[in-house]
Amino acid sequence: MDIARTPSTPEGNPEMADAAESPHEPAVIRRSDYKPFAWRVPEVSLDFALGLEETHVTAVLAVERNPQADASPTIHLDGDGLEPLTVKIDGEVATSWSMEGNDLIVSLPGDAHQIEVTTKINPSANTALMGLFASGGMLCTQCEAEGFRRITFFPDRPDVLSVYRVRMSGPKAQFPVLLSNGNLEAEGDGEDGTHWAQWHDPWPKPSYLFALVAGDLIANSDIFNTVSGREVALNIWVREGDEGRTGHAMESLKKSMRWDEETFGREYDLDLFNIVAVSDFNMGAMENKGLNVFNTKYVLADEDTATDVDFDGVEGVIAHEYFHNWSGNRVTCRDWFQLSLKEGFTVLRDQLFSQDMGSAPVKRIEDVRVLRGAQFPEDSGPLAHPIRPDSFREISNFYTATIYNKGAEVIRMIRTMAGEEAFRKGTDLYFDRHDGEAATCEDFVKAMEDGAGLDLTQFRLWYSQAGTPKVSVRLTHEGDTATLHLSQEVPPTPGQSDKQPMPIPIKLALFDRDSGEHRGEQLITLDKAQVSLSFDGFAKPPILSVNRGFSAPIVVHRDISSDELVFLAARDDDPFARYEALQDLVVGHLKDAVDGSLDDAARKDARQAITSAIAAVLADDTLDDSMRGELLVLPSESYLAETMLVADPGRIHAERQSLRAAIGSALEPEFTAVYQRASQVPYSLSAEARGARKVKTQALVYLAAGNPDLAATMAAAQYDSANNMTDRQGAMMVLCGLEGIERTNKLIDFYNRYKGNALVIDKWFALQAGSMHPAALAHVKALADHPDFTMKNPNRVRSLFMAMAYNPQAFHAEDGEGYRMIGDFILALDPINPQTAARFVPQLGKWRRIEPGRSALMREQLERIAAAPGLSRDTHEQVSRSLG
Ligand code: PHE
Ligand code: ZN
């Protein structure tokens, strides 16, 4: 049982927690228990004798007592699966040490010592991909959050900052390239075909930012001149043969560096910036100081193998990791409860960057869609946690959409309230004040108050309270006064039954019914449970446009007619609000349809209204195609489920599909015309051409729902004539959902064409696992036995099983087969890669909000996993929280 999340238990009562936990339960770590470390480690020297099966590590730590902490006669060094081969203190072999579980405890009599520890590790056996691991013949590290302790014994916590010197040696033929953080100090050849390199990073950093790479790599190299005139050498290291697909990453990097100088005043601080692409990686990428390590998915892109979405992914992740150099590395986190300090802020920074590089409104809509699809369900389920959590058992489980995406929204609200200029003053002060420190979320908020001139006293609730606030909006009208009635409610979440009202910045505009114009946008703050605001001079009731630009991460319940939504969908000058009106129109109808509360006439009327709104979007020549494409996207099944107290995934899927078919049939000529127009636009990465590709596939999806035979022919033709992956994948996506020979033929062609290109073969798996085909589950089962499938590669695992788990029709198969398959899969992956295995648990954790039949089947799987012996801490925590 997770005491910290039991509502009846007072927060931060360690005695109760201890009494309730069995000795085998992993310990709960609490934010309130934070204590500074007893020792400082100003300098670290690491020596690696590299080998794929056997690497020897000698770590020399200069330690001194921390005057800001309670004195201790011992130093506690974290370890994970290590054995100390030798321990020396001040150069002498020591015996005054002991093991405490995985950790090494060394007695230290004086105020300053040198500790030397040697360890031996087997990178090839490291399938968890944390610490030092082998990937395709190269060696590479991943240390965030607690991977450094799998390399050597160390105070593996982000508030211990050290200057690192790293020496490594190994066979030159096998590892011609030797990289670590900072600058290369010296290199040379050793005996028997070995060579060595010595790196020095002048910036003190926590162990989670350490990195080492050794392998046979080649670089795409370039130069960046910083604003103050320093020259930075840039290298993107990849396996031979991949260098032709690194151009977009390099352009993205240079743009990011310039943008951070211009927008946040942040300049790069080393002479060298290295990026390495690896194919086995649990996450997207990692911001190690001066040596970012990337999943190949976020480095490699060209038109034949990457879609427009992939190109954006590369640009966004390159920017994100680069921006961490300031928000994360120069100012790091005091403890892992502060994770959103670096991640929320850095996500906001990469979002703003991407807004500036492309279409700001479209980027905003995409970001909101991600928030609603991934974070809202988290916030309303058993895994809900504040952006600054109070407790955890396994920190890897807290790299969540809440920490990242809601964290970004919270800082975005500060920016909205402050205005851009004052916000910049706040961030300048934050970087200035905390440079070189391990800071807290509170430090950030305080710097914002002092620098931007805001009072954020009540706003701090956004850091401590979980759950998505629900805001109800009603407009009344009397005489020529319109009155806006706003109320808020923050729902209870695990461990937090009573919530206080939050300050919610809401942008709104009131449209005059006759002129169709509004009198200017206003920003109001709803900071009480209920507020009423009056607006004079409206002879008729105005039409309300609310939460414009998605100014706050909330759910809005508005009392609004479908006519008014149609008006806003066609006329609102705020692109997000326009998108939102159309979404609300569809969500409102689908909720009624799923409820069964619609008679035929009402269904016909609603579909008619939606169809004309979509027709207007197709015809509106003030829209660019990229925005048009956004407006055409129907709300996702997961978002629809989210708007219902208890969801029936089968009915949601059926109603949504049927609506799509109705629109597709009704507007077949219009969609066909758009399709033909967009098909004329030649391939390029221009916004116009990208927009055309987007609406083209959208049109095909609608046509496929309404007229599958026609769409199959069109999709097959699109596949054959495609000169880029966006068109090819779009065609495949449609074909994969349809029955027939074209599906089979094109799948075979696609596979043969891209055999050997791992990232594209990932798409081949994902297209089938995520398809609308009724036999998708059977396809997944067969694909799990395909020779190209492996449990050892996280990208491949995600391309098959994540795609299936997020394919509502397949995952929620009525007989529970989808749940069973995910259950089996989690149990099989857990011993290999617990971090990635645990990421599949939240889908099953949605059981509480699903109709009773499926709910019981989902729960059954969670119970089966919970009962399995030897479960990892990662999966154990997620399963027990999900069962609640
Ligand atoms: N810190 C990385 C990022 O967001 C994510 C990450 C976390 C990567 C843990 C690896 C392990 O940029
Ligand atoms: Zn990050």
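Conventions we followed
- Residues numbered from 1 in each chain as written.
- Chains lettered and ligands numbered in written order.
- Predicted model: local features only at pLDDT ≥ 70, side-chain atom pairs only at ≥ 80, totals over all residues.
- Helix = DSSP H or I, 4+ residues; strand = E, 2+ residues; numbered from the N terminus.
- Rg over C-alpha atoms; globule rule 2.2 N^0.38 Å.
- Buried ≥ 20, exposed ≤ 12 C-beta atoms within 10 Å, placed from the backbone.
- Contact = placed C-beta atoms within 7 Å.
- Pairing = 2+ DSSP bridges.
- Axes fitted to C-alpha atoms, helices over the stretch in contact; angles between N-to-C directions.
- Expected span 1.5 Å × (residues − 1).
- UniProt positions renumbered as here; feature names shortened; annotations may be inferred.
- Domains from an automatic or database assignment.
- Nonpolar A, V, L, I, M, F, W, Y, C, P; charged D, E, K, R; others polar.
- Parallel < 35°, antiparallel > 145°, perpendicular 65-115°, else oblique.
- Near = placed C-beta within 6 Å.
- pLDDT = per-residue confidence, 0-100.
- Left-handed = near helix turned anticlockwise from the far one by under 90°.
- Core = buried A, V, L, I, M, F, W, Y, C linked by C-beta atoms within 7 Å.

1. Here we look at the overall build of the protein chain
Argument step 1. Counting its regular elements, the protein chain contains 29 helices and 31 strands.
Argument step 2. For the protein chain, whose C-alpha radius of gyration is 28 Å, the value lies close to the compact-globule estimate of 29 Å for 884 residues.
Argument step 3. In the protein chain, which comprises 884 residues, the share counted as buried stands at 52%.
Argument step 4. At a minimum sequence separation of 6, the contacts of the protein chain that also span at least 24 residues come to 69%.

2. Considering the sheet that holds strand β11 (residues 138–142)
Argument step 1. With antiparallel pairing, 4 strands are arranged side by side in an open sheet as β10-β11-β16-β13. Edge positions in the sheet fall to β10 (131–135) and β13 (177–180), since each of these pairs with one other strand and no more. Shown here is a sheet whose adjacent strand axes are inclined to one another by a mean of 20°, direction ignored.
Argument step 2. Where β13 lies against strand β16 (residues 212–215), 4 bridges are found, and the strand directions are antiparallel. Opposite serine 180, over in β16, you have leucine 212 as the bridge partner.

3. Describing the pairing of strand β25 (residues 470–478)
Argument step 1. In terms of strand pairing, β25 meets strand β26 (residues 481–489) through 9 bridges, oriented antiparallel. Residue pairing across strands places serine 472 opposite serine 487, the latter belonging to β26.
Argument step 2. Linkage of β25 to β26, two consecutive antiparallel strands, is achieved through a turn of 2 residues, within which glycine 479 is found at a positive phi near 60°.
Argument step 3. Judged from the 4 bridges that link them, β25 and strand β31 (residues 555–558) form a sheet pairing that is parallel. Its bridge partner being in β31, lysine 470 is matched across the sheet by valine 555.

4. Brief notes about the sheet that holds strand β12 (residues 162–171)
Argument step 1. Judged by pairing direction, the sheet is mixed, and its 8 strands sit side by side in the order β6-β5-β9-β3-β2-β12-β15-β14 without closing on themselves. Whereas interior strands pair on both sides, the edge strands pair on one side only; in this sheet they are β6 (92–93) and β14 (183–189).
Argument step 2. Sheet analysis places strand β3 (residues 55–65) next to strand β9 (residues 112–121), joined by 10 bridges and oriented antiparallel. Bridging across to β9, threonine 58 finds its partner in threonine 118.

5. Observations regarding helix α15 (residues 649–666)
Argument step 1. Taking 1.5 Å per residue as the helical rise, α15 with its 18 residues ought to reach 26 Å, and the 26 Å between its terminal C-alpha atoms agrees with that figure.
Argument step 2. Among the residues making up α15, those that are buried are Pro649, Ile652, Glu655, Arg656, Leu659, Ile663 and Gly664.

6. Here we look at the UniProt feature "domain: Peptidase M1 membrane alanine aminopeptidase" (unreviewed entry) in the protein chain
Argument step 1. When the UniProt feature table is mapped to this numbering, "domain: Peptidase M1 membrane alanine aminopeptidase" (unreviewed entry) covers residues 249–459.
Argument step 2. In this annotation, residues 249–459 is assigned 55% helix and 9% strand; the end-to-end C-alpha distance for the span is 37 Å.

7. A few points about unusual backbone geometry
Argument step 1. A cis geometry characterises the amide bond from glutamate 144 onward to alanine 145, with omega recorded as -5°.
Argument step 2. Tracing the backbone through its elements, the reader meets alanine 145 in the loop between β11 and β12.
Argument step 3. For aspartate 90, which is not glycine, the phi dihedral falls at a positive 50°.
Argument step 4. Within the secondary structure layout, aspartate 90 lies in the loop between β5 (86–89) and β6.
Argument step 5. By the C-beta count within 10 Å, which is 12 here, aspartate 90 ends up exposed.

8. Considerations on the environment of arginine 388
Argument step 1. On the secondary structure map, arginine 388 appears in the loop between α5 (360–379) and β23 (391–392).
Argument step 2. By the C-beta count within 10 Å, which is 23 here, arginine 388 ends up buried.
Argument step 3. In the structure, arginine 388 is positioned 74 residues away from tryptophan 462 in sequence and 8.9 Å away in space, judged by C-alpha atoms.
Argument step 4. Apart from the residues lying within four places of it in its own chain, the contact partners of arginine 388 are Phe337, Gln338, Ser340, Cys441, Tyr463 and Ser464.

9. Looking at the domain arrangement of the protein chain
Argument step 1. Its domain assignment divides the protein chain into domain 1 (36–323), domain 2 (332–464) and domain 3 (470–552).
Argument step 2. For domain 1 versus domain 2, the distance between C-alpha centres works out to 26 Å.
Argument step 3. Counting residues at the interface gives 19 residues for domain 1, matched by 20 residues for domain 2.
Argument step 4. Elements with a minimum of two residues in the side of domain 1 that touches domain 2: α2 (247–264) and α3 (308–323).
Argument step 5. Across the side of domain 1 that touches domain 2, the residue classes break down as 9 nonpolar, 5 polar and 5 charged.

10. Thoughts on the packing of helix α17 (residues 687–706) against helix α19 (residues 725–736)
Argument step 1. Remark: α17 packs on α19, axes separated minimally by 10 Å, with the N-to-C direction vectors making an angle of 10°. Our classification of the angle between α17 and α19 gives roughly parallel. Contact residues: Arg693, Thr697, Leu700, Val701 and Ala704 in α17; Thr726, Asp727, Gly730 and Val734 in α19.
Argument step 2. Of the residues that constitute the contact of α17 with α19, the class distribution is 4 nonpolar, 3 polar and 2 charged.

11. A short note on the site of ligand 1
Argument step 1. Lining the immediate surroundings of ligand 1 are Gln142, Glu144, Ala145, Met283, Ala285, Met286, Glu287, His320, Glu321, His324, Glu343 and Tyr399.
Argument step 2. Of all the secondary structure elements, the ones that give two or more residues to the shell around ligand 1 are β20 (285–286) and α3.
Argument step 3. A class-by-class count of the residues in the shell around ligand 1 yields 5 nonpolar, 3 polar and 4 charged.

12. Topic: the pairing of β26
Two faces belong to every sheet, and in a regular strand the side chains alternate between them.
Argument step 1. Only one face of β26 is buried, namely the one carrying Ala482, Leu484, Leu486 and Gln488, since none of Thr481, Thr483, His485, Ser487 and Glu489 on the opposite face is buried.
Argument step 2. Pairing of β26 with strand β29 (residues 530–536) involves 7 bridges; the strand directions are antiparallel. Along β29, the bridge assignment pairs leucine 484 with leucine 533.

13. Topic: the confidence of the model for the protein chain
Argument step 1. This prediction gives the protein chain a mean pLDDT of 96; 97% of its residues lie at or above 70.
Argument step 2. Confidence over residues 1–23 falls short of pLDDT 50; this stretch has 27 contacts with residues more than four positions distant or in other chains.
Argument step 3. ipTM for the predicted complex: 0.99, alongside a pTM of 0.97.

14. Quick notes on helix α4 (residues 339–357)
Since the α-helix packs 3.6 residues into each turn, any two residues three or four apart lie on the same face.
Argument step 1. In a regular helix each residue adds 1.5 Å, so 19 residues correspond to 27 Å; α4 covers 27 Å between its end C-alpha atoms and thus fits that length.
Argument step 2. With 16 of 19 residues buried, α4 is to be regarded as a mostly interior element.

15. Looking at the environment of isoleucine 614
Argument step 1. Relative to the helices and strands, isoleucine 614 is located in helix α12 (residues 600–619).
Argument step 2. By the C-beta count within 10 Å, which is 24 here, isoleucine 614 ends up buried.
Argument step 3. In this structure, the C-alpha to C-alpha distance between isoleucine 614 and glycine 101, residues 513 residues apart in sequence, is 62 Å.
Argument step 4. Apart from the residues lying within four places of it in its own chain, the contact partners of isoleucine 614 are Leu632, Ile663 and Leu667.

16. Some words on the packing of helix α28 (residues 852–867) against helix α29 (residues 873–883)
Argument step 1. One way to put it is that α28 packs onto α29 with a least axis distance of 10 Å and a crossing angle of 140°. By the angle between their directions, the pair α28 and α29 is classed as oblique. α28 and α29 meet at a crossing whose hand is left-handed. Taking contact as the criterion, the partners of Leu862, Glu863, Ile865 and Ala866 in α28 are, on α29, Thr875, Val879, Ser880, Ser882 and Leu883.

17. Some thoughts on the environment of serine 626
Argument step 1. One can find serine 626 in helix α13 (residues 625–632).
Argument step 2. Residue classification places serine 626 among the buried positions, given that 22 C-beta atoms sit within 10 Å.
Argument step 3. Taking the C-alpha atoms as reference points, serine 626 and alanine 687, separated by 61 residues in sequence, lie 7.5 Å from one another.
Argument step 4. Setting aside anything within four residues of it in sequence, one finds serine 626 in contact with Ser359, Val362, Ala687, Arg690, Gly691 and Lys694.

18. Focus on the nonpolar core
Argument step 1. With 239 residues, the main nonpolar core has Val213, Val276, Val293, Val299, Leu700 and Ala715 as its most contacted residues.
Argument step 2. With near-sequence residues (within four places) excluded, valine 276 lies in contact with Cys140, Leu179, Val213, Leu217, Trp237, Leu291, Val293 and Phe294.

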